[in-house]
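The residues making up each chain are set out below.
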Amino acid sequence: MEYRTVPRSGQKVSVIGLGMGSIHAADTREVEETVRLALDAGVNLFDFIPSEAAPFEGYARALKGRRDQALMQVHLGADYSSGKYGWTTDAALAISQFEERLRTLGTDYADFGFIHCIDEDADFDQVMNGGIWDYACRMKKEGVIRHLAFSTHDVGVARRFLATGAMDWGMFSLNPLYDYTDASDYGKGEADDRARLYREFEAAGVGISVMKAFAGGQLLDAAASPFGRALTKAQCIQYALDKPGVASVLPGVRGKQDLLDVLAYFDATAEKRDYSVLGEFAPPAAEGSCVYCNHCQPCPRGIQIGLANKYYDLARLGDALAADHYRELEHHAGDCVQCGHCDARCPFGVRQGARMQEIAAYFGR
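Thresholds, definitions, all that
- Sequence order as written defines residue numbering, which begins from 1 separately in each chain.
- Given that the model is predicted, a residue must reach a pLDDT of at least 70 before its local features are reported, and side-chain atom pairs must reach 80 or more before they are shown or counted; all residues, however, enter totals for whole chains, interfaces and linings.
- In computing side-chain properties, one takes all heavy atoms of the structure into account and sets aside hydrogens as well as water.
- What counts as a helix is a DSSP run of H or I of at least four residues, what counts as a strand is a run of E of at least two, and both are numbered from the N terminus.
- Computation of the radius of gyration draws on C-alpha atoms alone. For the globule rule, the value is 2.2 Å times the number of residues to the power 0.38.
- Residue exposure (1.4 Å probe, protein chains only): buried if accessible area is under 20% of the type maximum, exposed if over 50%, otherwise partly exposed.
- The contact criterion used throughout is that any non-hydrogen atoms of two residues lie within 4.5 Å.
- Using a 1.4 Å probe, accessible areas were evaluated by the Shrake-Rupley method; residue-level cover was limited to the displayed protein chains.
- Side-chain atoms within 4.5 Å link the members of a nonpolar core, which is a set of buried Ala, Val, Leu, Ile, Met, Phe, Trp, Tyr and Cys residues.
- For this analysis, a polar contact is any N or O atom pair within 3.5 Å, provided that within protein one partner can donate a hydrogen and the other can accept it, and provided that sequence-adjacent residues contribute only side-chain to side-chain pairs.
- A pair of strands counts as paired when DSSP detects no fewer than two bridges linking them.
- A clockwise course of the path from the first strand over the helix to the second, judged with the strands pointing away from the viewer, identifies a crossover as right-handed.
- Stacked, tilted and edge-to-face are the three classes applied to pairs of Phe, Tyr and Trp rings, where Trp contributes its six-membered ring and a pair requires centres within 6.5 Å; stacked means planes under 30 degrees apart, edge-to-face means over 60, and tilted covers the rest.
- Note on definitions: salt bridges are taken to be side-chain nitrogens of Lys or Arg within 4 Å of carboxyl oxygens of Asp or Glu.
- In this analysis, axes come from line fits to C-alpha atoms, helices being fitted only over the stretch in contact, and the angle between any two N-to-C directions falls in the range 0 to 180 degrees.
- In plain terms, two cysteine sulfur atoms within 2.5 Å form what is called a disulfide here.

### Side note on the overall build of the protein
Step number 1: Scanning the protein from terminus to terminus reveals 16 helices and 11 strands.
Step number 2: The C-alpha atoms of the protein give a radius of gyration of 21 Å, which matches the 21 Å a tight globule of 365 residues would have.
Step number 3: Along the three orthogonal principal directions, the C-alpha set of the protein runs to about 60 × 40 × 35 Å.
Step number 4: Out of the 365 residues belonging to the protein, those deemed buried represent 55%.
Step number 5: Taking as baseline every contact in the protein between residues at least 6 positions apart, the subset at least 24 positions apart corresponds to 73%.
Step number 6: Here the protein has roughly 15,000 Å² of accessible surface; of this, 46% comes from carbon and sulfur atoms.

Here it is in C-alpha cells:
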C-alpha cells in the first residue's frame, strides 16, 4: 500500500480507499470479508455512504477490534431511516442519523465529519446557516469529529467550502469524463476551471478524497464512454492520483473480487497505468495544458517536468509551500536545453520547452 498525508494533521491515508456505493450487492458476510480484506491490504480510508442500510452490519463486524486501523468518512445529511439512502438538509434528521451511524460502527468519533453532498448554492446556505454546520463545528471542538469535511460535485460550491477556511478534507467527483466532457451532471465545470480547482484544494491545504473515479463504470466500457474507447481501472486511478490535492481514490466495490481488481493497481507497471491515450480523444480545449501525467519523461537533463509544472501552477495561486518544493528539486526548469524530447512526447500538445523557460523566469532558476 502507498500512503499520502492529510495536509492539516499529518495523518497517513492509503492512496486507495474503499467506496461504499455498490457494496449493497454483497451479503452481510461478504461485506465483512471485503472490509477485512481491505484492512489486511493496508487500506485505511473508508467511506460510509452505501445505497442501502443493509451493509452497515457487515462493516460494524469487520471493524470490531480494528477501529483504530480505519479512518472513517461519516456524513451529515445522509438519511437511512427508510432502510435505503436518502438525502436531507434538515438539521434534526441529519444530526440524529449521523449519531446513529456512529452507534452502528460502535465508535464515539468520526475521523472525517462530512457536510454531505451539497451541489446547489441554496443548499449550501441552508446547511451552513440552518444548524448542521454549527453542530459539526461543536463536534469538532469536542473531538467527536476529528476533521471537518464536505462532499460536492460542483466546482462553485467546492470553492465556497474552501473559502470558509475551516475545511480539512473534501470529497469530489474526479475523472477524465467529467474533466473533458459535458456528459454527466456529476461533472459540473469547464475542464480548465476544474483543473484550477484541484490546485486551489492543494494551495488551501485541503485534501481531496476522490469519488466516481470510473464515472460509474462508463470509462471502463467503450460502448458507454463518450470517448468511444475504454480505459482501465489502473489508468483511471493514476489519472486521479496525479491531480494536485488528491490524497486518496475511493472506488465503489461490490465485493471481494472488485476490491482485488482495484488493488491490482499496485502490481500494474508504469505502462499499464499510463493514461496519455487521453491526448488522442480529449477535446481541443484541453490541448496546451499540462496534466502532470509525466508521459514526457525521462528528461535527458533530469528535470521532473510534471512536478515543475505543478509547483509553478500552485505558486501562481499564492502557495508559498509549492515554491519551496520547487526550489528543493534537484534539477530546475532553467536546466532545460530545449532538446525537444518532451515536446514530441506530450500527448496534450504542451510546448514544454517554452514552458520551462517561463517557469525558470518565474522562479529565477
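### Some points on the nonpolar core
Step number 1: Grouped together as the largest cluster of nonpolar side chains are 88 residues, with contacts concentrated most on Phe46, Tyr59, Met72, Phe98, Ile115 and Phe161.
Step number 2: Excluding its chain neighbours within four sequence positions, the residues that come into contact with Phe98 are Val74, His75, Leu76, Ala110, Tyr135, Val144 and Ile145.
Step number 3: Membership of the second largest hydrophobic core comes to 20 residues, among which are Cys299, Leu329, Cys336 and Ile359.

### Remarks on the environment of Gln73
Step number 1: By the element assignment, Gln73 lies in strand β4 (residues 71-76).
Step number 2: Of the residues examined, Gln73 reaches a relative accessible area of 0% and is grouped as buried.
Step number 3: The sequence separation of Gln73 and Leu45 amounts to 28 residues, and the corresponding C-alpha distance is 7.6 Å.
Step number 4: Gln73 has contacts with Leu45, Phe46, Asp47, Phe48, Phe112, Phe114, Trp169, Met171, Ser209 and Leu250, leaving out every residue within four places of it along the chain.
Step number 5: Within the structure, the side chain of Gln73 is placed 3.0 Å from the side chain of Trp169, a separation counted as a polar contact.
Step number 6: At 2.9 Å, the side chain of Gln73 and the side chain of Ser209 are in polar contact.

### Comments concerning the pairing of strand β11 (residues 246-249)
Step number 1: As paired strands, strand β10 (residues 207-211) and β11 are joined by 3 bridges and run parallel to one another. The residue bridging Ile208 from the neighbouring strand is Val246, located in β11.
Step number 2: What joins β10 to β11 is helix α9 (residues 233-241), and the crossover it makes is right-handed.

### Regarding the packing of aromatic side chains
Step number 1: Counted according to the given criterion, the structure contains 19 aromatic pairs.
Step number 2: Relative to Tyr59, the ring of Phe48 lies with its centre 5.5 Å away and its plane at 50°, an arrangement referred to as tilted. You can see Phe48 sitting in the loop between β3 (45-47) and α2 (56-63) and its partner Tyr59 sitting in helix α2, a full 11 residues away along the chain.
Step number 3: Using a relative accessible area of 1% as the deciding quantity, one classes Phe48 as buried.
Step number 4: Residue Tyr59 is classed as buried on the basis of its relative accessible area, which comes to 1%.
Step number 5: Summarising the aromatic geometry, the rings of Phe112 and Trp169 are spaced 4.7 Å apart at their centres and angled 25° between planes, so their arrangement reads as stacked. One end of the pair, Phe112, is in strand β7 (residues 110-115); the other, Trp169, is in strand β9 (residues 169-173), and 57 residues separate them in sequence. In this structure, Phe112 and Trp169 share a single accessibility class: buried.

### Side note on the pattern of salt bridges
Step number 1: Using the criterion set out here, one finds 26 salt bridges in the structure.
Step number 2: With a closest N to O distance of 2.9 Å, Asp111 and Arg67 form a salt bridge. Linking Asp111 in strand β7 with Arg67 in the loop between α2 and β4, this pair joins segments that are 44 residues apart in sequence. Of the two residues, Asp111 and Arg67, both sit in the buried class.
Step number 3: A salt bridge links Asp179 to Arg194; the shortest N-O distance between them is 2.7 Å. Placement of the pair is Asp179 in helix α7 (residues 176-180) and Arg194 in helix α8 (residues 191-204), with a sequence separation of 15 residues. Pair check on accessibility: Asp179 and Arg194 agree, each one buried.

### Digging into the sheet that holds β3
Step number 1: Here 7 strands make up an open sheet; going across it, the order is β3-β4-β7-β8-β9-β10-β11 and the pairing parallel. Across the chains shown, the open sheet's two edge strands, defined by having one partner strand only, are β3 and β11. Each strand axis lies, on average, 30° off the axis of its neighbour in the sheet, ignoring direction.
Step number 2: Bridge analysis of β4 against β7 gives 4 bridges, and the strand direction is parallel. Residue pairing in the sheet places His75 in a bridge with Phe114 of β7.

### What to know about the state of the cysteines
Step number 1: Counted by the stated rule, this structure contains 0 disulfides.
Step number 2: Cys296 carries a free sulfur, and the closest cysteine sulfur to it, the one in Cys342, is 6.0 Å from it.
Step number 3: Since its relative accessible area comes to 6%, Cys296 is described here as buried.
Step number 4: Left without a disulfide partner, Cys336 is nearest to the cysteine sulfur of Cys342, which lies 5.8 Å away.

### Here we look at the environment of Ala230
Step number 1: Mapped onto the secondary structure, Ala230 falls in the loop between β10 and α9.
Step number 2: Relative accessible area serves as the criterion here: at 43%, Ala230 is assigned to the partly exposed category.
Step number 3: Taking the C-alpha atoms as reference points, Ala230 and Ala38, separated by 192 residues in sequence, lie 26 Å from one another.
Step number 4: Here Ala230 is in contact with Leu219, Leu220, Asp221 and Ala222, once residues within four sequence places are set aside.

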